[in-house]
Amino acid sequence: MGGAFALGVVGAPSVVGVENRFGEVTNETTVINTNLTVNNPNLIGVSLGGVTIDYGVSMNGISMANGTNEGVSIGTGNTTVPFSTTLDNSKIPAWWVSHVRNGEHTDLRVDATVTSSLVGQSYSTQVTRDVNTSIVDAFRTDEPKPLNASSPVVSDPVLILERTEAQWGTVNDTRTEVEMTLYLRNPKPYPIPVSEIGYNIYMNNITMGSGEAAKATTIGPGETVAVDATTVIRTQRLDEWWVSHLKQNQVTHLRMPFYLVVDLSNGGGGEQRIRLDSYQRTIETDIFGTKSADGEPTDGADGTANGDGSAGGGSDSDDTATDTPAGTETSTATPASDGGSGGDSTATATPSPTPTATPTSTPGGTTTTDDGIL
């Protein structure tokens, strides 16, 4: 049998399945628990010298998690090898910037290489998954909303928000801008000056941004005016949001209350502050495609998560949206050496008929110096 190994008559062990789940989450790190299914096509197990598994996860080419498991003993056929890697939560803002700049799309890639010192060969497998969201939809409205002063001297509504348009603006490591246009109609027979439009942005009750969004304007009687407003999410706070998102089973409740300061002196009401709470949305992700369906949040204490994450895009008319994973729950992946990819991070990899002599390196892959996310 030793001669057969040396001549390459028998195959090298290969990774045929990858499953990831989020584990313990702290303010600084996120544990990723991984089960790799390794197939040994030989008639004997591999223990002398063992097997080394190199593993990495990247998102939009950013290395999020990687690790090495050495001295693994495997039997014949399929063996499940569990191990854990750690994601540094400080990587989340960089991923977010790439995700938004890429049209709220992330290419999630899992690379695994198994090397047998006894066989003297390596085998590489790559699994890919599309992660899509539609977060900017939370800042859009298409139904008229009355704006009431609730003042005894002025009848309501004093203004009507006809609709709101929104798109991503500048996105960098400090700020994520949402460029909005508010269409405000004045139903009164007199002009209404708007001196201030302010906002707060909350994600799972974490304050992500606040400030004044627009310049002063005056809306004439019966007129509809398009008011440009820019809101800002503080990018560096996204690692804190990430922790809350995972602890709530990958669910985020986004709220953005607006307020307007208007002058109703022409109607006898003086200056009034009007609150608007129409921007609310629930965003749910399932990044790895292995999230539990019971909806129980991750407690972040025992190293076991009830879900993990992949995202998709969707919206509901009641301001509650569920982002649905792209692809299916289980898919077939082709080894990187064959140039194929699967559609999910829980995948079955098809072994190449000829094992690779050295580990396969794919552009944009992970590096051994980074710990990770996903």
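Residues numbered from 1 in each chain as written. Predicted model: local features only at pLDDT ≥ 70, side-chain atom pairs only at ≥ 80, totals over all residues. Heavy atoms only, no water.

1. Notes on the overall build of the protein
What counts, and what does not: The helix and strand labels rest on DSSP assignments: H or I over at least four residues marks a helix, E over at least two residues marks a strand, and numbering proceeds from the N terminus. Think of it in three bands: residues with accessible area under 20% of the maximum for their type are buried, residues over 50% are exposed, and the middle band is partly exposed, with areas taken using a 1.4 Å probe on protein chains only. Contacts between residues were defined by any pair of non-hydrogen atoms, one from each residue, lying within 4.5 Å. Computed with the Shrake-Rupley method and a 1.4 Å probe, the accessible areas treat only the protein chains shown as cover for residues.
The secondary structure content of the protein amounts to three helices and 20 strands. Here the protein holds 374 residues, and 52% of them are scored as buried. Partitioning the intrachain contacts of the protein with sequence separation of at least 6 by distance along the chain shows that 69% fall at a separation of at least 24. Carbon together with sulfur atoms contributes 46% to the accessible area of the protein, which is approximately 15,400 Å² in total.

2. Overview of the environment of N35
Structurally, N35 is set in strand 2 (residues 29–40). Measuring from C-alpha to C-alpha, the distance between N35 and P82 comes to 4.5 Å, with 47 residues separating the pair along the chain. Once residues lying within four places of it in the same chain are set aside, the contact partners of N35 are G17, V18, E19, T80, V81 and P82.

3. Describing the side chain of R281
Convention followed: In this charge count, Lys and Arg are treated as positive and Asp and Glu as negative; neither His nor the chain ends contribute. Take a side-chain nitrogen of Lys or Arg and a carboxyl oxygen of Asp or Glu: if they are within 4 Å of each other, that pair is a salt bridge. Counted as a polar contact is a pair of N or O atoms within 3.5 Å, where, for protein atoms, one must be capable of donating a hydrogen and the other of accepting one, and residues adjacent in sequence contribute only when both atoms are in side chains.
Within the fold, R281 resides in strand 18 (residues 280–284). This buried residue, R281, is left without a salt bridge; D137 holds the nearest opposite charge, at 4.2 Å. Among the polar contacts listed, one links the side chain of R281 to the side chain of S134, at a separation of 3.2 Å.

4. Comments concerning the side chain of N39
Tracing the backbone shows N39 in strand 2. Residue contacts for N39: discarding those within four places in its chain leaves A12, P13, S14, V16, G77 and N78.

5. Observations concerning the nonpolar core
Under the convention used in this document: Definition of nonpolar core: a set of buried residues of the types Ala, Val, Leu, Ile, Met, Phe, Trp, Tyr and Cys, connected through side-chain atoms within 4.5 Å.
Within the largest apolar cluster, 82 residues are counted, with the highest numbers of intra-cluster contacts made by W96, F139, M180 and F258. The biggest single contributor to this core is strand 11 (residues 192–203), with six residues. Contacts of F258, omitting those with residues within four sequence positions, involve M180, I197, G198, Y199, A213, T231, I274, R275, L276 and Y279.

6. Considering the environment of P13
Structurally, P13 can be placed in the loop between helix 1 (2–7) and strand 1 (14–25). A relative accessible area of 1% means that P13 is categorised as buried. Separated by 101 residues in sequence, P13 and V114 have C-alpha atoms that sit 6.7 Å apart.

7. Observations regarding the confidence of the model for the protein
Detailed reading of predicted coordinates is not advised where the pLDDT is low. Short version of the rule: Think of pLDDT as the predictor's per-residue confidence, scored from 0 to 100.
Mean pLDDT over the protein: 78, with 74% of residues reaching 70 or higher. Across residues 1–9 the pLDDT falls below 50, and counting only partners more than four positions away or on other chains, this stretch makes eight contacts in the model. Ignoring residues within four places in sequence, the model shows residues 297–374, a span with pLDDT below 50, making 277 contacts including any to other chains.

8. Focus on the pattern of salt bridges
By the definition in use, this model includes eight salt bridges. As a salt-bridge pair, R237 and E240 come within 2.6 Å of each other at their nearest N and O atoms. On the basis of relative accessible area, R237 is assigned to the partly exposed category, the value being 25%.

9. Some thoughts on unusual backbone geometry
Along the chain, D156 connects to P157 via a cis peptide bond; the corresponding omega equals -5 degrees. Relative to the helices and strands, P157 resides in the loop between strand 8 (145–147) and strand 9 (159–171).

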